[in-house]
Amino acid sequence: MASSEWPVRHLLDVDSLSDADLSWLIERSCALASGAPPAELDRTVVNLFFEPSTRTRVSFELAALRLNMRVINVELERSSSTKGESLEDTAATLAAMGVDALVIRHPETGRCHDLAAALARPIHLLNAGDGSGHHPSQALLDLASLASANVKIEGSRVAIVGDVLHSRVARSDITAFLRRGAAEVRLAGPSAWMPDALPQGVLRSPDLSHAVTDANVIVMLRIQHERMGREVWPEAADYHAEWGLRKSHLALAAADCRVLHPGPINRGVEISSGVADGALSLILDQVKMGVFVRMAIMEWLFAADEQLPAG
Ligand code: CP
């Protein structure tokens, strides 16, 4: 039987979520953050992180523990992937042991989608970031953090600034903000890090001041050094002077503007400490919401199996 015939839900990207799924995941995340009782899930999840992570890995683990799930972190340097086992065979092996879901972060763009298409046994997949591809749980937590702060996305102006080209967060956020009715998404950053083709509703700003003027939401991005050669790394001070968000920029933004950053932040490079720690920053709110969003995602993921009222 082909994997496409199995009724197994995955979270691979924002694009494949229905409007009802998107709304449910945001509302459920906010409800959990406000103290709604979580589901109890008699399930086992394995974290497979082929790239470093602090926020995503720990929050998926915390989310599973709060749902009374069993969670196992595979140490990849001690796993059989070092002996040449393919991700497909690892997934089949873990599914055969009764593991219900895999949380996967992988440096290769599209790796989770490829795995989903080639699964030999049913197992749920959660894409925790694939190369420059997608980071759906980050986009969901960005939306939920804004909803929790009473920021309305419908009709808003959103600026996404920095290394857009290599950013899976930017790709997922652009889709998420447009799906939720943002009036305009502006991209700004060094021209070498701008995508060639922009989706409908996305504009390119010539500089940081233009991007943030009247913006309701500003998303700052880290330079993805791991996806480019050292010869093209900019000097931190030069980058900060041209593309680093400072308090003076916030005076140009809408009065109710909020600043997001997926983390890890690099102070004095893409963002100043004054902004990162300032009153308009939602950076630690995002981190906190990340746990609730991942709880909601797991409830949603198993809903069809468990008959939960999700999605
Ligand atoms: N935002 C994010 O993905 O952070 P980590 O790399 O720490 O998981």
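**Re the overall build of the chain**
Move 1: A count of helical and extended segments in the chain gives 12 helices and nine strands.
Move 2: A compact globule built from 311 residues would reach a C-alpha radius of gyration of about 19 Å, and the chain, at 19 Å, matches this within 12%.
Move 3: Dimensions along the principal axes, computed over C-alpha positions, put the chain at roughly 55 × 45 × 35 Å.
Move 4: Within the chain, the proportion of its 311 residues that are buried is 54%.
Move 5: Summing over all exposed atoms, the chain offers an accessible surface of approximately 13,400 Å²; the carbon and sulfur share of this is 50%.
Move 6: If you average the places of the 29 positive and of the 39 negative side-chain charges in the chain, the two averages end up 4 Å apart.

**As for unusual backbone geometry**
Move 1: Residue P264 is reached from G263 by a cis peptide bond, and omega for that bond is -5°.
Move 2: Residue placement: P264 occurs in the loop between strand 9 (258-260) and helix 10 (273-276).
Move 3: Here D214, not a glycine, exhibits a phi torsion of approximately 65°, which is positive.
Move 4: Mapped onto the elements, D214 comes out in the loop between helix 7 (208-212) and strand 8 (217-220).

**Topic: the domain arrangement of the chain**
Where the parts come together, the accessible area they lose is often given as the size of the interface.
Move 1: Structurally, the chain comprises domain 1 (3-135 + 289-307) and domain 2 (150-281).
Move 2: In this assembly, 20 residues from domain 1 lie in contact with 15 residues from domain 2.
Move 3: When the two sides are added together, the surface that domain 1 and domain 2 hide from each other amounts to roughly 1,400 Å², 45% of it contributed by carbon and sulfur.
Move 4: The tally of links between domain 1 and domain 2 comes to three salt bridges.
Move 5: For E51, the salt bridge is made with R168, and the minimal N-O distance between the two is 3.0 Å.
Move 6: Scanning the region where domain 1 abuts domain 2 turns up 11 residue pairs in polar contact (both at pLDDT 80 or more).
Move 7: Where the side of domain 1 that touches domain 2 is concerned, the elements lending two or more residues are helix 1 (19-33), strand 3 (101-106) and strand 4 (124-130).
Move 8: Looking at the side of domain 1 that touches domain 2, the element that brings in the most residues is helix 1, giving four residues.

**Examining the nonpolar core**
Move 1: Core analysis: the biggest nonpolar cluster contains 59 residues, and I160, F177, V185, V217 and M298 have the highest contact counts within it.
Move 2: With 10 residues, helix 11 (residues 283-301) is the largest single contributor of residues to this core.
Move 3: The two domains that each donate at least three residues to this core are domain 1 (3-135 + 289-307) and domain 2 (150-281).
Move 4: Excluding its chain neighbours within four sequence positions, the residues that come into contact with F177 are L143, L146, I153, V158, A182, V185, V217, V219 and L260.
Move 5: In terms of nonpolar packing, the next biggest core, distinct from the first, is built from 24 residues, L208, V212, L245 and L250 among them.

Parameters at a glance
- Residues numbered from 1 in each chain as written.
- Predicted model: local features only at pLDDT ≥ 70, side-chain atom pairs only at ≥ 80, totals over all residues.
- Heavy atoms only, no water.
- Helix = DSSP H or I, 4+ residues; strand = E, 2+ residues; numbered from the N terminus.
- Rg over C-alpha atoms; globule rule 2.2 N^0.38 Å.
- Buried < 20%, exposed > 50% of the residue type's maximum accessible area, 1.4 Å probe, protein only.
- Areas by Shrake-Rupley, 256 points an atom, 1.4 Å probe, with all protein chains shown as cover.
- Lys, Arg positive; Asp, Glu negative; His and termini not counted.
- Charge placed at Lys NZ, Arg CZ, Asp CG, Glu CD.
- Domains from an automatic or database assignment.
- Contact = heavy atoms within 4.5 Å.
- Buried area = accessible area lost by both parts, 1.4 Å probe.
- Salt bridge = Lys/Arg side-chain N within 4 Å of Asp/Glu carboxyl O.
- Polar contact = N/O pair within 3.5 Å; in protein donor to acceptor, adjacent residues only side chain to side chain.
- Core = buried A, V, L, I, M, F, W, Y, C linked by side-chain atoms within 4.5 Å.

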